[in-house]
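# Per-entry structural report
Below are the chains, spelled out letter by letter.
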Amino acid sequence: MKENINLVNNKNDSIENDYTRTLQFIFIKAALDLFPGAKITIQHSVGKGIFGEISKEINLNEKDIEDIKVKMQELIDRDLPINKIKVAKKEAINIFKSYNMDDKVLLLEQVDFKTVNLYELDGRYDYFYGHMTKRTSDIKAFDLIYYENGFILRRPNDYQTFTLPEFVEQRKITKIFRETEKWLDILDVGNVGALNDKIDKGELINLVMISEALHEKKIAEIADKINLKDEVKLILIAGPSSSGKTTFANRLGVQLRVNGITPIPISLDDYFVNRDQTPLDENGEYDFETIGSVDTELFNKHLNLILQGEEVEIPEFNFIKGEREWVGKKVKLPSNGVIIVEGIHGLNPILTSHIDEKYKFRIYISALTQLNLDNHNRITTTDVRKIRRIVRDQLSRGHGAEDTLKMWHKIKRGEKKNIFVYQEEADVMFNSTLVYELCVLKKYAIQELNKIKEDSIVYDEAKRLKGLLGFFREIDKDIVPQNSILREFIGGSIFYKY
């Protein structure tokens, strides 16, 4: 039964991904038909859509977007076939040279493929890592809007009714993506081809040092913001799986100490309800992702007492027994202290409903990837977090890649319900991605992905992730600093317990 549910969930994810790639190809075809020679960059997810930019002689405007949208619908109405063809790598390079797509040329020249799978639509060729639908008419619903001097390509949130969700602006997420874009400009790395080129030219050490320095500077800036708010006594850190919350919280604690503030960490895990009180999901399994799995009443009671200056004995959760234990662990907040709480429910207002708002400072953290394979193939935040978790699960939790991929749909569902809905409520956001990280994770992730057999329901996903990692140069983990967020996943962190 559980295997059947996983099969359905993985199939649904596959449908969404295939639909999205097909929609992007139709968009690219339509835009280049109208504006030959334009440079199209697919960048990142925002507002349940995909943001991108079009660079051409005359700046993009709303009329251009309307024209592209009409052209896309014409291509869909014509019910054109989308053909997958295998060509020699040299032929693919020549095609992209004729299109003046240097990003694709550079990337293909770096890999040792003999052949390349291309997709063809009405005479236009392109490369996409992953499958597509068979015909343009498979696209039943979409929208295209002008946004921030670029565009947002919107897709359904339900692939049975093909309904489009309401567009909701996400100003803070957009801002953090823009910040990351500036980081990549500083590093002079816009795509994987440019990253590999830097490594080949012996510039790796500088790349690592500057990447880590950008992280440290941002963390120091957040600590300074907290320092300026005299009443802040409770720092709430939330983010999806494999964002690096634990390392971030520790590094923030170091920067707070630099400012004369003493951080007092409290783990939400210790406030889990006992196993026999844990809510069940629709499949009758324990739902550890819901806020109901946390004893919020006891948590709020303890926080209020601590904020009033009292010494409080806090519990310690025994995961083997599945229950809280009282082992004499006591907490008292000094006059210069702040409480740091990190966990998936950190931004949920229910978690700290009895605490005065003036005491709170909220931080959202995620690996918001801005690096692209090439201009038309973005590397999703989800893929980076999957790869991070595959490596960490094997290292510290004894889980294989197959187990991690099978449970990912449940992780994704929990994040959608418990994290993403609150991300815009954060006072600040931190992007934990590192431009070089997939080069380090590659070796360990592929070792685990190779263990997944062809009859597994996640084999195709494993094959896709290996294909993605195949584009990256491999670099040794010894170059990664011990306090790096990346160390939380590869081992050797001075902050993380394995």
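Residues numbered from 1 in each chain as written. Predicted model: local features only at pLDDT ≥ 70, side-chain atom pairs only at ≥ 80, totals over all residues. Heavy atoms only, no water.

All right, on to the UniProt feature "domain: Phosphoribulokinase/uridine kinase" (unreviewed entry) in the protein chain then. The positions UniProt marks with the feature "domain: Phosphoribulokinase/uridine kinase" (unreviewed entry) are residues 235-432. In this annotation, residues 235-432 is assigned 31% helix and 21% strand; the end-to-end C-alpha distance for the span is 18 Å. (UniProt positions renumbered as here; feature names shortened; annotations may be inferred. Helix = DSSP H or I, 4+ residues; strand = E, 2+ residues; numbered from the N terminus.)

It is worth spelling out the sheet that holds strand 7 (residues 150-154) at this point. An order of 1-2-7-6 is seen for the four strands of this open sheet, with the pairing classed as antiparallel. This sheet does not close on itself; its edge strands, each paired only once, are strand 1 (39-46) and strand 6 (143-147). Averaged over all pairs of adjacent strands, the angle between strand axes in this sheet comes to 30°, irrespective of strand direction. As paired elements, strand 2 (residues 49-55) and strand 7 share four bridges and run antiparallel to each other. Looking at strand 7, one finds that F51 is bridged to I152. (Pairing = 2+ DSSP bridges. Axes fitted to C-alpha atoms, helices over the stretch in contact; angles between N-to-C directions.)

What follows concerns the pattern of salt bridges. Under the criterion given, the structure shown has 43 salt bridges. Between K218 and E179 there is a salt bridge, and its shortest N-O distance comes to 3.0 Å. Taken together, the positions of K218 in helix 7 (residues 204-227) and E179 in helix 5 (residues 171-187) put the pair 39 residues apart, joining distant regions of the chain. Several salt bridges converge on common partners, so that one network encompasses D281, E282, E285, K410 and R413. (Salt bridge = Lys/Arg side-chain N within 4 Å of Asp/Glu carboxyl O.)

Ranked by size, the top nonpolar core spans 109 residues in total, and within it F27 and L252 carry the most contacts. The dominant element in this core, judged by the number of residues it contributes, is helix 1 (residues 2-34), at nine residues. In this view, L252 contacts I219, I222, A223, I226, I235, I237 and I363; residues no more than four positions away in its chain are not counted. (Core = buried A, V, L, I, M, F, W, Y, C linked by side-chain atoms within 4.5 Å. Buried < 20%, exposed > 50% of the residue type's maximum accessible area, 1.4 Å probe, protein only. Contact = heavy atoms within 4.5 Å.)

Time to look at the packing of aromatic side chains. If you walk through the whole model with that rule in mind, you get 17 aromatic pairs. Taken together, a centroid distance of 4.3 Å and an interplanar angle of 40° make the contact between F27 and F151 tilted. Residue F27 is found in helix 1, and its partner F151 is found in strand 7; the two are separated by 124 residues along the sequence. Using a relative accessible area of 0% as the deciding quantity, one classes F27 as buried. With relative accessibility at 0%, the residue F151 sits in the buried group. Plain terms: the ring middles of F113 and F471 are 5.5 Å apart, the flat faces sit at 75° to each other, and that makes the pair edge-to-face. Separated by 358 residues along the polypeptide, F113 in the loop between helix 4 (102-110) and strand 4 (115-121) and F471 in the loop between helix 13 (459-469) and helix 14 (487-490) bring together distant segments of the chain. (Phe/Tyr/Trp six-rings, centres within 6.5 Å; stacked < 30°, edge-to-face > 60°.)

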